[in-house]
Number of protein chains: 2
Amino acid sequence: MARPREFDEGVALQAAVDGFWSQGYGAASTRDLAARMGLTTASFYNAFGDKRGLFMKALDQYLSGTLSQRIARLDQLPPRQAVAGYLADVVERSLGDPQRRGCMLINAALDVTAQDPDIRAEVAGGLGEIRAFFLRHLQAGQADGTISSAQPAEDLSHLFLSVVVAMRVMARLHADRDQLEGMARPALALLGP
Amino acid sequence: MARPREFDEGVALQAAVDGFWSQGYGAASTRDLAARMGLTTASFYNAFGDKRGLFMKALDQYLSGTLSQRIARLDQLPPRQAVAGYLADVVERSLGDPQRRGCMLINAALDVTAQDPDIRAEVAGGLGEIRAFFLRHLQAGQADGTISSAQPAEDLSHLFLSVVVAMRVMARLHADRDQLEGMARPALALLGP
DNA sequence: GCGGTTCTGTATCGCTCGCTCCAGTTAAAT
DNA sequence: ATTTAACTGGAGCGAGCGATACAGAACCGC
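Naming follows an unreviewed UniProt entry, where chain A appears as TetR family transcriptional regulator of Nitrospirillum amazonense.

What follows is the structure, encoded as structure tokens:
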């Protein structure tokens with residue numbers, strides 16, 4: 001019936017993720033985003049609505065890509081290794097990015113976008129997924145005795161989430177490996193011998 | 001020699017702190033800031049140079065006000081109470097702010113301003129002060145036996161900093177008391193009985 | 001190959017941004 | 001009282017912003 005798109009929506013969206021990730025919502029201009037995505041202004045607005053809509057789609061893509069993939073991979077491990085593995089993964093990702101962009105989800109939490117209820121809900125949902133991952137494995141580990149039950153799994157899951165969040169913030173400030181691993185060590189000590 | 005200022009620099013600067021705090025660096029326009037501060041554009045630039053300069057002065061004011069005062073107050077307490085008191089203080093401040101602005105210092109860490117080396121250094125310095133506070137009291141507590149020495153004070157100080165950072169991030173997402181105190185409880189458990 | 005529909009490319013729109021300029025005002029120094 | 005230097009008020013600069021308009025190009029079903 002009509003002329004087909006000349007670009008791949010998924011590829012373009014990933015370029016938008018990169019743009020928002022490294023520049024933040026406010027600082028990423030629609031012109032720059034469109035250029036990164038290889039689109040003209042018209043195609044940009046035609047395909048993605050407006051800047052806010054694009055951001056929400058980009059956040060979706062980030063969550064269902066980076067985050068969900070990591071969780072799925074670590075879910076295969078025994079509880080204790082899954083928990084420790086998540087922290088180790090965050091350290092490596094943080095140190096491995098020369099741009100020190102941190103985590104798009106956590107960056108968004110402190111961005112102005114957090115004043116937008118829809119976006120705030122999506123960010124809170126993403127962080128909730130991370131906490132649910134920790135809670136799931138902490139409970140499993142406490143059930144099979146590989147993780148100490150001295151602290152409630154609920155509380156521990158909050159603590160592990162807070163370590164992840166803080167690592168990502170510190171990573172943006174060019175924290176080194178000692179600082180990041182220093183955060184993780186005492187938290188992991190709570191899991192018991 | 002000349003006409004004196006009609007405004008108080010400290011009062012105006014505090015208004016700028018509020019503006020940057022609630023809106024962030026990028027989203028706070030010079031027009032809005034000047035209006036909050038009760039200044040015309042000319043006086044604004046005359047007195048504070050430019051937006052970036054104002055932000056750095058505002059960050060200074062925030063650090064030497066809010067942060068240093070809290071540290072000075074808690075330094076009077078015994079080590080264990082000082083550490084626990086800091087966390088309790090952050091919880092109350094976070095929940096007590098109806099705007100949920102979090103902490104200006106930590107907001108700045110994830111703002112675009114963090115790409116500016118000078119600002120990043122100042123933010124890192126502020127966070128370093130918080131960690132130094134924890135380290136000081138953790139070491140004192142380990143020395144007098146009121147705090148467990150099972151974990152190195154260095155590592156613990158990183159963990160407590162990460163709890164503070166994460167609390168402030170979560171506060172912006174309207175986290176409730178359970179979440180914030182859930183982060184604190186296991187961390188405090190590491191201090192021993 | 002033709003009609004209809006959706007795409008692309010470019011030229012803007014109206015607005016706000018950070019910042020500057022300058023005439024006019026004020027008050028200390030002489 | 002005059003000079004002089006700093007401050008005030010407000011207009012306005014160029015640039016960039018998010019978003020739109022519209023003409024033409026490309027493809028599908030027929």
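What follows picks up the thread again.
**Overview of unusual backbone geometry**
Peptide bonds are trans in most cases, and residues, glycine excluded, mostly fall at negative phi. All names here are of chain A. A positive phi angle, close to 55°, is found at arginine 100, a residue other than glycine. Mapped onto the secondary structure, arginine 100 falls in the loop between helix H5 (79–96) and helix H6 (104–110). Note on arginine 100: relative accessible area 17%, which makes it buried.

**Observations regarding the packing of helix H2 (residues 30–37) of chain B against helix H3 (residues 41–48) of chain B**
Residue and element names in this part refer to chain B. The geometry of H2 relative to H3 is characterised by a closest axis approach of 9 Å and an angle of 90° between their N-to-C directions. Our classification of the angle between H2 and H3 gives roughly perpendicular. Across the interface between the two elements, Thr30, Leu33, Ala34 and Met37 of H2 pack against Phe44, Tyr45 and Phe48 of H3. Partitioning the contact of H2 with H3 into residue classes produces six nonpolar, one polar and no charged.

**A closer look at the interface of chain A and chain B**
Counting from both sides, the interface comprises 37 residues of chain A and, opposite them, 37 residues of chain B. Regarding the contact of chain A and chain B, the summed buried area is about 3,200 Å², with carbon and sulfur atoms giving 70% of it. On the surface where chain A and chain B come into contact, there are two salt bridges. The salt bridge involving Asp155(B) is made with Arg185(A); its shortest N-O contact spans 2.6 Å. Where chain A meets chain B, there are nine residue pairs in polar contact (both at pLDDT 80 or more). For the side of chain A that touches chain B, the class distribution of residues is 21 nonpolar, ten polar and six charged.

**Details of the protein's contact with DNA strand C**
Near DNA strand C lie 24 residues; those nearest to it are Ala2(A), Ser43(A), Arg3(B), Thr30(B) and Lys51(B). A share of 60% is what sugar and phosphate atoms reach among the atoms of DNA strand C within 4 Å of the protein. With respect to DNA strand C, the side chain of Asn46(A) contributes an N or O atom lying 3.1 Å from a phosphate oxygen. Ser29(B) is positioned with one of its side-chain polar atoms (N or O) 3.4 Å from a phosphate oxygen of DNA strand C. Sorting the residues of the surface near DNA strand C by element identifies helix H3 (41–48) of chain A together with H2 and H3 of chain B as the ones contributing at least two each.

**Brief notes about the UniProt feature "DNA-binding region" (unreviewed entry) in chain A**
The feature "DNA-binding region" (unreviewed entry), as given by UniProt, occupies residues 29–48 of chain A in the numbering adopted here. The distance from the first to the last C-alpha atom of residues 29–48 of chain A is 14 Å, and the span holds 80% helix and 0% strand.

**Comments concerning the packing of aromatic side chains**
Applying the stated criterion across every chain yields a total of 18 aromatic pairs over all chains. Judged by centre distance (5.4 Å) and plane angle (65°), the rings of Phe133(A) and Phe134(A) are edge-to-face. No difference in accessibility class separates Phe133(A) from Phe134(A), as the two residues are buried. Relative to Tyr62(B), the ring of Trp21(B) lies with its centre 5.0 Å away and its plane at 75°, an arrangement referred to as edge-to-face. One end of the pair, Trp21(B), is in helix H1 (residues 9–27); the other, Tyr62(B), is in helix H4 (residues 51–74), with 41 residues separating them in the sequence. As far as burial versus exposure is concerned, Trp21(B) and Tyr62(B) are alike and both buried. Here the aromatic cluster, defined as three or more aromatic residues joined through ring pairs, consists of Tyr86(A), Phe133(A), Phe134(A) and Phe160(A). The cationic tip of Arg101(B) hangs over the ring face of Trp21(B); the distance from NZ or CZ to the ring centre is 4.0 Å.

Cut-offs applied
- Each chain carries its own residue numbering, running from 1 in the direction its sequence is written.
- Whichever chain is written first is A, and whichever ligand is written first is 1; the rest continue in order.
- Note on the predicted model: pLDDT of at least 70 is required for a residue's local features to be given, and 80 or more for side-chain atom pairs to be given and counted; whole-chain, interface and lining totals, by contrast, use all residues.
- No hydrogens and no water enter the side-chain calculation; it runs on all heavy atoms of the structure.
- To qualify as a helix, a DSSP run of H or I must reach at least 4 residues; to qualify as a strand, a run of E must reach at least 2; elements of each kind are numbered from the N terminus.
- A simple rule labels every residue: compare its accessible area, found with a 1.4 Å probe on the protein chains alone, to the largest value its type can have, and call it buried under 20%, exposed over 50%, or partly exposed in between.
- The angle between two axes is taken between their N-to-C directions and runs from 0 to 180 degrees, where each axis is a line fitted to C-alpha atoms and a helix contributes only its stretch in contact.
- Put simply, angles under 35 degrees are roughly parallel, angles over 145 are roughly antiparallel, angles from 65 to 115 are roughly perpendicular, and the rest are oblique.
- Between two residues, a contact is recorded if the distance between any of their heavy atoms is within 4.5 Å.
- For this scheme, ten residues count as nonpolar: Ala, Val, Leu, Ile, Met, Phe, Trp, Tyr, Cys and Pro. Four count as charged, namely Asp, Glu, Lys and Arg, and the remainder, Gly too, count as polar.
- Buried area is a sum: the accessible area each of two parts loses on coming together, probed at 1.4 Å, counted once for each and added.
- Definition used for salt bridges: Asp or Glu carboxyl oxygen within 4 Å of a side-chain nitrogen of Lys or Arg.
- Here a polar contact is taken to be a pair of N or O atoms separated by no more than 3.5 Å, where protein atoms must pair a possible hydrogen donor with a possible acceptor and residues adjacent in sequence count only if both atoms sit in side chains.
- Nearness of a residue to a molecule or strand requires only that one of the residue's heavy atoms be within 4 Å of it.
- UniProt positions are given in the numbering used here, feature names are shortened, and annotations may be inferred rather than shown by experiment.
- Two rings from Phe, Tyr or Trp (for Trp, the six-membered ring) form a pair when their centres sit within 6.5 Å of each other. Planes less than 30 degrees apart are called stacked, planes more than 60 degrees apart edge-to-face, and all others tilted.
- For a lysine, the NZ atom is tested; for an arginine, the CZ atom; a charge sits over a ring if that atom is within 6 Å of the ring centre and within 35 degrees of the ring normal.

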